[in-house]
Amino acid sequence: MSTNNSEGDGNVDHVEYGTVEHDDPGPASDDTWNTVEADSASVAFDWGFEDPPAVIVEPAEETSVGLHRAINVSATGFETRWMVYDDDSEAVDADWAAFGEAAQSRGHEPSASETHIRPGGPWPTETQQLNINSLHDYEQLERSLERIERKGSGEVTVESVGESNEGRDIYLATAGSGDTDVFLFAEQHADEATGCEALLNLLDELAAGGRWNDLLSELTIHVMPRANPDGTEVGELRHRFNVDPDAPARDESVGIYTDYDDAGVGWDVNRYHWFDWTESELYQNLPEEYPENPVPEAQILVDTIEEIDPLWVADFHNQYHYISDDGENITGSVYWPTSPGADDDAVDLSKQLCRGIYDDVDSQGNTTLTQFPGGDGRGIARNSYGEEGIACVLIEMRGQTDEFGQKSGGQLIRTAYEMTVSMLERTADESVFDIDPEAADEMPERGERYQRTFHPSEELEAELEEDEAELDDDYFECTC
């Protein structure tokens, strides 16, 4: 990288200018930088470069032939970048700018549209090996639950409460002896793994007793870490649905929520929580074909929760990537029952729990929480249990299994764990009941979706909107 040191300009103490020549998408000539995708502005910082220089270049205007953005470089990474294109839309050079205090003194404030792929950011880079070995497969889940049960010496019990469509056990762990029952479950969608890992960490802690003893004397905590064990065993990165070769083609008009593209894949577990199956869309439209719930994983959840009758239920998922108005990655979103028939008291408690999570966790580290823009569908767990008079909190963490690296995944698991602890502790000491339910409505709304194959320019946003319009809303919004 060539540099040109200059004296301060106004409040700017020191400025270095730099240009990196590179092929598209080959490596930069200076190997401390490298391009990682063949699209208009996708470059990642090489973590091996431990002490990045303070490089500032003047930001260019966005033109019809190139997407120009500023980059914020620090010792721990960067937030944004920009790449210059010629008239033939061929990348000819990349100018990199570090807008630290000096840049801010010029009045630059990064906008939401400037944040994109970065180390520790929304997605792993193309040069980063992606695997999910740190996540429990089915056999590892069984071994972990067995170990936790032994560790708890009777304080944590584990039992199978039914079998999946392919015959795998669906496990329920129980800890505590309190009069108040609560129920937590995860991985209805098998490519949404953060919650399962967080709940296993919780069980491991509860088995150790110690500081948890007072809480366990107030609560009986029921945990189903994986509601869809078949989906986790499909392919390298799992999939959303259960596994059912008899699943028909998707037809939402009659209540068939299966794979978006193909028959014979599986059902969306989180559309079939019906305490009275005859009220379901599927039965109403196709009673002879579906006299009973065709999704055993959902029915097991309904039956188990009905038997336990907990004060509240928490349902863990993962959403796509979203950014706040000031450009922050949304770490997670929470929501409550919203169907018209939801019980008022259940909704209030759900909102109190959500607001408690926000107050306890949003201020931690780089965590940014919002409310989730969920739908009103009655077969969704959040709404079904709300209509049954059971408070239900939806927790949506950032990223699917193929969209974050292990470092980012670890941070998300830890945040989901802290969100869980917030609900448990506030329930045990009853402070949750002191929260104004309406305060949940004051939590920030989730921002715009951010997708690595699209970048925030008007032209590309229009392409994204066009693509989204061709797909089912659930594909992008996951109205859990």
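The structure presented is a predicted model; accordingly, all values stated were derived computationally and were not measured.

## Topic: the overall build of the chain
- Of regular secondary structure, the chain possesses 11 helices and 17 strands.
- When the 480 residues of the chain are sorted by exposure, 57% land in the buried category.
- Contacts spanning at least 24 positions in sequence make up 72% of the contacts within the chain whose residues lie at least 6 apart.
- For the chain, the exposed surface amounts to about 20500 Å²; the carbon and sulfur share of it is 40%.

## Digging into the pairing of strand β9 (residues 169-175)
- Where burial is concerned, most of β9 is hidden: 6 out of the 7 residues are buried.
- By the bridge criterion, 6 bridges tie strand β8 (residues 156-163) to β9 in an arrangement that is antiparallel. Opposite V158, over in β9, you have A173 as the bridge partner.
- Following β8, the chain reverses through 5 residues before pairing antiparallel with β9; G167 in that reversal takes a positive phi of roughly 90°.

## Some remarks on the packing of aromatic side chains
- Per the counting criterion, the structure on display carries 8 aromatic pairs.
- When the ring of F241 is compared with that of Y260, the centres are 5.6 Å apart and the planes differ by 70°; the resulting orientation is edge-to-face. Placement of F241 in the loop between β11 (219-224) and α5 (281-285) and of Y260 in the loop between β11 and α5 is noted, with a sequence separation of 19 residues between them.
- F241 sits in the buried class, given a relative accessible area of 3%.
- The interplanar angle of 40° and the centroid separation of 6.4 Å between the aromatic rings of Y272 and W277 together place this pair among those described as tilted. Here Y272 and W277 have matching classes, each one buried.
- Chaining the aromatic ring pairs together yields one cluster made of Y257, W267, Y272, W277 and Y290.

## Some details on a negative patch on the surface
- A cluster of acidic residues, E159, D303, E306, E307, D309 and E388, forms a negative patch at the surface.
- If one sorts the elements of the negative patch by residue count, helix α6 (residues 296-308) sits on top with 3 residues.
- Along the chain, E307 turns up in helix α6.
- A relative accessible area of 71% means that E307 is categorised as exposed.

## Looking at unusual backbone geometry
- One non-glycine residue, D309, lies in positive phi territory at about 55°.
- Position of D309 relative to the elements: it lies in the loop between α6 and β12 (312-319).
- Assessed through its relative accessible area of 52%, D309 is described here as exposed.
- In this structure, E430 is a non-glycine residue whose phi angle is positive, near 65°.

## Topic: the confidence of the model for the chain
- Of all residues in the chain, 63% have pLDDT values of 70 or greater, and the mean over the chain is 73.
- Every residue in residues 1-131 scores below 50 in pLDDT, and together they form 276 contacts with partners more than four places removed in sequence or on other chains.
- For residues 453-460, every residue scores under 50 in pLDDT, and the model assigns this stretch 21 contacts once sequence neighbours within four places are set aside.

## Observations regarding the state of the cysteines
- Counted according to the given criterion, the structure contains 0 disulfides.
- There is no disulfide at C392, and the cysteine sulfur nearest it, in C354, is 9.1 Å away.

## Here's the deal with helix α2 (residues 138-152)
- With 15 residues, α2 extends 21 Å from end C-alpha to end C-alpha; this agrees with the ideal 21 Å at 1.5 Å per step.
- For α2, the complete set of buried residues consists of Y138, L141, S144, L145, I148 and G152. When α2 is viewed along its axis, its buried side chains cluster within an angular range of 120° and face the same direction. Facing away from the buried side of α2, by more than 90 degrees, are the exposed residues E139 and R150.
- At its buried positions, α2 is contacted by β8, β9 and α3 (194-208).
- At the N-terminal boundary of α2, the capping side chain belongs to D137, with an oxygen 3.2 Å from the backbone nitrogen of E139.
- Note on α2: the residue one or two positions beyond its end, S153, has a positive phi of about 50°.

Parameters and conventions
Note on numbering: residues in each chain are counted from 1, in written sequence order. This being a predicted model, a pLDDT of at least 70 is required before a residue's local features are given, and a value of 80 or more before pairs of side-chain atoms are given or counted; all residues contribute to the totals for chains, interfaces and linings. Side-chain measures here rest on the full set of heavy atoms in the structure, leaving out hydrogens and waters. The helix count covers DSSP runs of H or I at least four residues long, the strand count covers runs of E at least two residues long, and both are numbered beginning at the N terminus. Burial classification: accessible surface area is computed with a 1.4 Å probe over protein chains only, and a residue below 20% of its type maximum counts as buried, one above 50% as exposed, and the rest as partly exposed. A contact between two residues is defined here by any heavy atoms of the two lying within 4.5 Å. Here the open area of atoms and residues is found with the Shrake-Rupley method and a 1.4 Å probe, where only the protein chains shown may cover a residue. Note on pairing: two strands pair once DSSP finds at least 2 bridges between them. Here the aromatic set is Phe, Tyr and Trp, taking the six-membered ring for Trp, and pairing holds for ring centres within 6.5 Å; pairs whose planes are under 30 degrees apart are stacked, those over 60 apart are edge-to-face, and all others are tilted. Residues qualify for a patch when their relative accessible area is over 30% and they have no salt bridge, like charges being joined within 9 Å and the nonpolar side chains of Val, Leu, Ile, Met, Phe, Trp and Tyr within 5 Å. Salt bridges are defined as contacts in which a side-chain nitrogen from Lys or Arg sits within 4 Å of a carboxyl oxygen from Asp or Glu. Counted as positive: Lys and Arg. Counted as negative: Asp and Glu. His and the chain ends are not counted at all. Each charge is placed at NZ for Lys, CZ for Arg, CG for Asp and CD for Glu. Per-residue confidence from the prediction method is given by pLDDT, with values spanning 0 to 100. Only a pair of cysteine sulfur atoms within 2.5 Å counts as a disulfide in this structure description. To estimate how far a helix should reach, multiply one less than its number of residues by 1.5 Å. Think of the arc as the fan of directions from the helix axis to the C-beta atoms. Under this definition, polar contacts are N or O atom pairs within 3.5 Å; protein pairs additionally need one hydrogen-donor-capable and one acceptor-capable atom, and for neighbouring residues in sequence, both atoms have to be side-chain atoms.

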